[in-house]
Every structure is written in structure tokens, then in C-alpha cells.
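Okay, here's what each chain looks like letter by letter:
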Amino acid sequence: MSPARILWIVLLAANTWQDLKKREICLKFTAAAGGLAAVWKAAAEQASPAGLAAGLLPGVFCLGAGLLSRGQIGAGDGILLCAAGICLGFWETLQMLCLALLAASVFGTWSWLREKRGGELPFVPFLLGVYFLERMGWYL
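Note that the coordinates shown come from a computational prediction; the quantities given were computed from them, not determined experimentally. (Residues numbered from 1 in each chain as written. Predicted model: local features only at pLDDT ≥ 70, side-chain atom pairs only at ≥ 80, totals over all residues. Heavy atoms only, no water.)

Here's the deal with the environment of Val 130
- Relative to the helices and strands, Val 130 is located in helix α7 (residues 124-135).
- With 35 residues separating them in the primary sequence, Val 130 and Gln 95 have C-alpha atoms 9.4 Å apart. (Helix = DSSP H or I, 4+ residues; strand = E, 2+ residues; numbered from the N terminus.)

Focus: the state of the cysteines
- Under the counting rule described, the total for this entry stands at zero disulfides.
- Note on Cys 26: no disulfide assigned, nearest cysteine sulfur contributed by Cys 87 at a separation of 15 Å.
- Its sulfur unpaired, Cys 87 is 11 Å from the next cysteine sulfur, which belongs to Cys 82. (Disulfide = S-S within 2.5 Å.)

Quick word on the confidence of the model for the protein chain
- Mean pLDDT for the protein chain: 86, with 96% of residues reaching 70 or above.
- The secondary-structure element of the protein chain with the lowest mean pLDDT is helix α1 (residues 3-22), recorded at 87, while helix α4 (residues 57-68) shows the highest, at 91. (pLDDT = per-residue confidence, 0-100.)

Side note on a nonpolar patch on the surface
- Residues Met 1, Ile 6, Val 10 and Phe 29 make up a contiguous nonpolar surface patch of about 400 Å² in total accessible area.
- Residue Ile 6 is classed as partly exposed on the basis of its relative accessible area, which comes to 45%. (Patch = residues over 30% accessible without salt bridge, like charges linked within 9 Å, V, L, I, M, F, W, Y side chains within 5 Å. Areas by Shrake-Rupley, 256 points an atom, 1.4 Å probe, with all protein chains shown as cover. Salt bridge = Lys/Arg side-chain N within 4 Å of Asp/Glu carboxyl O. Buried < 20%, exposed > 50% of the residue type's maximum accessible area, 1.4 Å probe, protein only.)

Some points on the packing of aromatic side chains
- One pass over the full model with this rule turns up five aromatic pairs.
- The interplanar angle of 80° and the centroid separation of 4.7 Å between the aromatic rings of Phe 90 and Trp 91 together place this pair among those described as edge-to-face.
- Its relative accessible area of 23% is what places Phe 90 among the partly exposed residues.
- Using a relative accessible area of 66% as the deciding quantity, one classes Trp 91 as exposed.
- Aromatic side chains Tyr 131 and Phe 132 sit 5.9 Å apart centroid to centroid with 70° between the ring planes, which places their arrangement in the edge-to-face category.
- The exposure class assigned to Tyr 131 is buried, which follows from its relative accessible area of 0%.
- By way of ring pairs, the aromatic residues Trp 8, Tyr 131 and Phe 132 are connected into one cluster. (Phe/Tyr/Trp six-rings, centres within 6.5 Å; stacked < 30°, edge-to-face > 60°.)

What to know about the side chain of Asp 77
- In this structure, Asp 77 sits in helix α5 (residues 75-88).
- For the buried residue Asp 77, which engages in no salt bridge, the nearest side chain bearing the opposite charge is Arg 23, 9.9 Å off.
- Setting aside chain neighbours within four positions, we find Asp 77 in contact with Ile 25, Phe 123 and Val 124. (Lys, Arg positive; Asp, Glu negative; His and termini not counted. Contact = heavy atoms within 4.5 Å.)

Here is the structure:
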């Protein structure tokens, strides 16, 4: 397992705890980890700048969606997905994002039907769950 993937697992686990506890992620830690992963990928794995930039696209999409929704989607989720794109690459991050959105939608709908009220859902735990299911070869 590459150091970038190990960094991603640590980053995801720490931010899941923070998201569940306070409904926010640690932006400084996430940005620093993303920068460290970019340096590692460029130096040790010879990743191209275009490949690293492409990995940022799912996160940039979420940041844009957050602006359009006036903060309904947290900026921290977009920054975390930018770090994921650097650590994992574009396609793996996009797949993880789509599956996490599906899982969060199903859970949110079930929760809404059950409790008859809306609420905020932390998104990072869904990313963690989907990532580990993917790594084990299981899909939702």
C-alpha cells in the first residue's frame, strides 16, 4: 500500500471522528495532508501535474455545489475530496463520491421517513464506509 493511501486512511478516519463529533472537519490538517500527498505523488510516484489536477475535480465540483447551495454542502467536504483526489486519483475518488452520495441518500431518506423531520447528515462517515467496502471488494 502506498504512503498516499495510508495518509488517506488516516485523514479519513480522523475527519470522520471530527465530523461525527462536531459536524466539521479539520481544514488545516486536511489541506496539509493533501499537500504532502501531492509532493509524494509527484516526487516518488512520478505523477504528472495534469493527473494531480484531474484528481482535484470531484472536490472542486463539491466546492462549487456548496457555493450554489449557499452552504448546504460543507466546504470541508469539498476540501477533503480534493485531498482524496490527490491521494487516490480521479476515477477512484469519483467512484467513492458517487457511492457515498448514494449511501447518504438512502440513509437520509430512511431517516426522514422514520422520524418525519429533516436534519443534517455528516458526509465523511459515508466516505469512510464506502472506501472500506471498496477496498474489501464489496459494493453497495
